[in-house]
Amino acid sequence: MGKRSSGNNRRESIHRRGPAAAGMLILFSLLLAAVLGYAQIQERFPKPDFQTDYTRPDLSTPLPRAQVWEYVDIAVLIAALVLASYFAHRLRSRRKIFWLMVFSLVYFGFIRQGCVCAVGAVQNVAYALFNTGYAIPLSVIAFFVLPLVFTLFYGRTFCAAVCPLGAAQDAVILKPVRLSSTTAGLLGMLPVIYLGLAVLFAATGTGFIICRYDPFIGFFRFGASFAMVLFGAAVLLLGTVVARPYCRFLCPLGVLLDWMSRLSKKHVKITPDTCSNCRLCEESCPFGAIHKPNPSAQSPDKQTELRRLAVLLVLLPVIMFGAGWAGSRLYVPLARQHPTVALSEEILLENGGKRAVMTDATRAFRASGKTADELFEEAGRIQQRFRTGGWLLGGFIGIVFVFKLIGLTILRRRPEYEIDAGACFSCGRCFSFCPYEQLRLGTITQKELEEMEREGKNGSGAGGTSPMENNQNG
Amino acid sequence: MAGKPERAGINRRGFLKSSLNTLSGLLIGGIGGLLFSRSSKKEMVWQIDPEICIQCERCAANCVLAHSAVKCVHSFSMCGYCDLCSGYLEPGARSRDTGAENQLCPTGALKRTFIENPYFEYTIDEKLCIGCGKCVKGCAAFGNGSLCLQVRHDRCLNCNECSIARSCPSQAWKRVPADRPYILRGDESASFERRMKRGDHG
């Protein structure tokens, strides 16, 4: 304001002296600019007094997408979630789920260009919880809450047919290989670490890494950096043999959906009726989410198992604190990702005379009038937040890791084929493999079913202990 | 869990599951409710604060769009309509005319039109503008500062994490309410407010 009024005063004094003054003025301005530094806005030249009937054009200010589209997005999300759950639970139709998935890929992916996203919303929520000044948009809350709530009721139908990232991968599954449960379990720690880091970086206001490393957004927008296009292509290529690699081994939201799905009130079942252990669905799941039955599985030694459990429970706080300590030790490199901390380190280098050339960032900072001490103080506060955050991050990863180990230790008796509710995307692929489903659809008769069952039983009889060989404790 | 009969185990598991289900539901509902109370009914969009912008040219290259959503805009009310325009002419240009060799703009997006002696009007052809801000820098250095870089909201995708904002060295990017999506200078700022109130979004 002060600047502007002084400009106005000068304007008054040189008013109407015409262009002859311009040369002088430019010289003066040159000096002024040199003294004040750049980015100082002055009204150095008077507004012209036009003699002709020239009128100044208006500046066009096109508005962003109308607000109503935000509600349209929420409505489409709700509709898609309802339909996905209805198709999976009531109609049990893979085909309908598939077409809904294609719709979501087109709408949330290619039309909305991936930027109204449940996976990314986790970060906005974390940021909003720790930064009260941030007014989180309504649509982001809806995209965070609704998929989780639906999963609490119906399992991960969101993953099956609503998430465009899942849809992109689901469409390229060609020849899925089955990963051993150890491999899958170990790789399953990646999303936990990713989630922890994403929440830490979002909560500290460092950045939204899930958005930054979204493998498919480049495809949705037909443009991204070369590295990200390469990453996306690699994920899709890998996805032809390892089904949905991003969903299973990277997706941070997948961790939350996994937990919610385990607790879900209802979850899809392979058979609409009863399971006769006919083994037909055994290889139908590309995601390895079908547990084989182990009817005769008795823990070899109850005592050993109990002891193992006790050891793990004792280890829980040890691992938790160990991982927390390790996480807190990482606060320096983690905090460096924050722009303020990065800037303060650059300023420190320059002030110490270790670097001669200023960067754009340090030049802008020095022109801003803030003192270096203020900056260092702020950077120190951020580092402290990262130290605390590192403890929480490490502790979180530690807890999840131990619980995964406990899950592997406890041998549960399964009389029939069962879905792993945490890993199942409710995609509906296994439905049609079940003879009872075929009976329900009327494609086979009761008699054919009985025949199939008899054959299946014989098969499993011949295979003998086949379900036992591959029990889930491997 | 060992000594108990199997039936009790199943019930306990079921009970645990359903109570955890309710707990999670309450937790999610609680978080949702808390955030809802803080939420903005207004959508927020990205914008550049021209007072902080240093015209580093990163806006031209770092947008996720092939052609950046950032363009130069001209507040005509602040413009001096100079013949010798430091936003239009290359420093040390041989002559003050529209020759390509004299233009500062790398794409020729800044157009110079004669109005009346000695005034020239400068307009921006948005199709050509790449948002590099060379002209803005020139105008700010020696002129009135009537040019500035702004996010054009007919183009911006409003990414969750704006990739230009992330690379901005002066932290000039901020989120503004979607119904006041520009930070303009001079009379344009006031007339923009008036237009918004009238509901005219041209």
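Residues numbered from 1 in each chain as written. Chains lettered and ligands numbered in written order. Predicted model: local features only at pLDDT ≥ 70, side-chain atom pairs only at ≥ 80, totals over all residues. Heavy atoms only, no water.

Looking only at helices and strands, chain B has five helices and six strands in total. Reading chain B from its N end, one meets helices and strands in the order α-β-α-β-β-β-α-β-α-β-α. Across the 202 residues in chain B, those meeting the buried criterion constitute 50%. Considering only contacts within chain B whose residues lie at least 6 apart along the sequence, 68% involve residues at least 24 apart. For chain B, the exposed area adds up to about 9,600 Å²; of that, 57% sits on carbon and sulfur atoms. (Helix = DSSP H or I, 4+ residues; strand = E, 2+ residues; numbered from the N terminus. Buried < 20%, exposed > 50% of the residue type's maximum accessible area, 1.4 Å probe, protein only. Contact = heavy atoms within 4.5 Å. Areas by Shrake-Rupley, 256 points an atom, 1.4 Å probe, with all protein chains shown as cover.)

Residues and elements named next belong to chain B. Judged by how many residues are buried, strand S1 (residues 44–48) sits mostly within the fold: five of five residues are covered. Across the two faces of S1 the burial is the same, with Met-44, Trp-46 and Ile-48 and Val-45 and Gln-47 all buried. Relative to strand S6 (residues 173–177), S1 is paired through five bridges, and the arrangement is antiparallel. Looking at S6, one finds that Gln-47 is bridged to Lys-174. (Pairing = 2+ DSSP bridges.)

Attention now moves to the pattern of salt bridges. Pairing is possible between side chains that carry opposite charge, provided their charged atoms lie close to one another. For the coordinates displayed, the defined rule picks out 26 salt bridges over all chains. In this structure, Asp-170 of chain A and Arg-429 of chain A form a salt bridge, with 2.5 Å as the shortest nitrogen-oxygen distance. Residue Asp-170 of chain A is located in helix H8 (residues 164–170), and its partner Arg-429 of chain A is located in the loop between strand S2 (418–419) and helix H21 (435–441); the two are separated by 259 residues in the primary sequence. Arg-429 of chain A carries the same exposure label as Asp-170 of chain A, and that label is buried. Between Arg-112 of chain B and Asp-83 of chain B there is a salt bridge, with its nearest N and O atoms 2.7 Å apart. (Salt bridge = Lys/Arg side-chain N within 4 Å of Asp/Glu carboxyl O.)

Moving on: the packing of helix H10 (residues 189–203) of chain A against helix H20 (residues 372–409) of chain A. All names here are of chain A. For the pair H10 and H20, interaxial distance at closest approach is 10 Å and the crossing angle is 160 degrees. Here H10 is positioned roughly antiparallel relative to H20, judged by the angle of their axes. Here the hand of the crossing between H10 and H20 comes out right-handed. On H20, the residues touching Met-189, Val-192, Ile-193, Leu-195, Gly-196, Leu-197, Leu-200, Phe-201 and Ala-203 of H10 are Arg-385, Phe-386, Gly-389, Gly-390, Leu-393, Phe-396, Ile-397, Val-400, Phe-401 and Lys-404. When grouped by side-chain class, the residues that make up the contact of H10 with H20 number 14 nonpolar, three polar and two charged. (Axes fitted to C-alpha atoms, helices over the stretch in contact; angles between N-to-C directions. Parallel < 35°, antiparallel > 145°, perpendicular 65-115°, else oblique. Left-handed = near helix turned anticlockwise from the far one by under 90°. Nonpolar A, V, L, I, M, F, W, Y, C, P; charged D, E, K, R; others polar.)

The subject of this paragraph is the confidence of the model for chain B. Residue and element names in this part refer to chain B. Confidence in the prediction of chain B, expressed as mean pLDDT, is 88, and 93% of residues score 70 or more. Helix H5 (residues 186–198) is the least confidently modelled element of chain B, averaging 74 in pLDDT, while strand S2 (residues 70–74) averages 96, the highest of any element. Note on residues 1–6: pLDDT under 50 across the span, and four contacts to partners over four residues away in sequence or across chains. (pLDDT = per-residue confidence, 0-100.)

Here we take up the nonpolar core. Nonpolar side chains in soluble globular proteins tend to be buried together. In terms of nonpolar packing, the biggest core is built from 91 residues, with Phe-158 and Leu-253 of chain A touching the most fellow members. For this core, the element with the highest residue contribution is helix H6 (residues 138–154) of chain A, accounting for ten residues. Mapping this core onto the domain boundaries places at least three of its residues in each of domain 2 (71–273 + 282–289 + 430–469) and domain 3 (302–409) of chain A. In contact with Phe-158 of chain A, not counting residues within four places along its chain, are Leu-77, Leu-81, Ala-118, Pro-147, Cys-163, Leu-253 and Leu-257 of chain A. Ranked by size, the runner-up nonpolar core spans 29 residues in total, among them Cys-53, Cys-63, Cys-72 and Tyr-122 of chain B. (Core = buried A, V, L, I, M, F, W, Y, C linked by side-chain atoms within 4.5 Å. Domains from an automatic or database assignment.)

The next point concerns the packing of aromatic side chains. Evaluation of the coordinates by the stated rule reveals 23 aromatic pairs over all chains. Aromatic side chains Phe-103 of chain A and Tyr-107 of chain A sit 6.0 Å apart centroid to centroid with 10 degrees between the ring planes, which places their arrangement in the stacked category. Of the two residues, Phe-103 of chain A and Tyr-107 of chain A are both situated in helix H4 (residues 94–111); the distance of four residues between them amounts to about one turn of the helix. Centroid distance Phe-216 of chain A to Phe-219 of chain A: 6.5 Å. Interplanar angle 35 degrees. Geometry classified as tilted. Overall, Phe-216 of chain A belongs to the buried group, its relative accessible area being 1%. Assessed through its relative accessible area of 29%, Phe-219 of chain A is described here as partly exposed. Three or more aromatic residues joined by ring pairs form one cluster here, namely Phe-50 and Tyr-54 of chain A together with Tyr-81 and Tyr-119 of chain B. Over the face of the ring belonging to Phe-431 of chain A we find Arg-92 of chain A, whose NZ or CZ atom lies 4.1 Å from the ring centre. If you follow Arg-112 of chain B out to its NZ or CZ, it ends over the ring of Phe-120 of chain B, 3.9 Å from the centre. (Phe/Tyr/Trp six-rings, centres within 6.5 Å; stacked < 30°, edge-to-face > 60°. Lys NZ or Arg CZ within 6 Å of the ring centre and 35° of its normal.)

The next subject is a nonpolar patch on the surface. A cluster of nonpolar side chains, namely Leu-129 and Phe-130 of chain A together with Leu-34 of chain B, defines an oily patch on the protein surface of about 270 Å² accessible area. With respect to the element layout, Phe-130 of chain A can be found in helix H5 (residues 118–130). Given the relative accessible area of 52%, Phe-130 of chain A is considered exposed. (Patch = residues over 30% accessible without salt bridge, like charges linked within 9 Å, V, L, I, M, F, W, Y side chains within 5 Å.)

What follows is about the interface of chain B and chain A. The interface of chain B with chain A comprises 73 residues on the first partner and 72 residues on the second. Between chain B and chain A the total buried area reaches about 6,500 Å² when both faces are included, carbon and sulfur atoms providing 61% of it. There are two salt bridges connecting chain B and chain A. Glu-161 of chain B serves as the salt-bridge partner of Arg-212 of chain A, at 2.9 Å between the closest nitrogen and oxygen. There are 21 residue pairs in polar contact (both at pLDDT 80 or more) connecting chain B and chain A. Among the elements of the structure, helix H1 (6–38), S1, S2, strand S3 (110–116), strand S4 (119–124), helix H3 (134–142) and H5 of chain B are those that each provide at least two residues to the side of chain B that touches chain A. Sort the elements by how many residues they give to the side of chain B that touches chain A and H1 of chain B lands first, with 13 residues. (Buried area = accessible area lost by both parts, 1.4 Å probe. Polar contact = N/O pair within 3.5 Å; in protein donor to acceptor, adjacent residues only side chain to side chain.)

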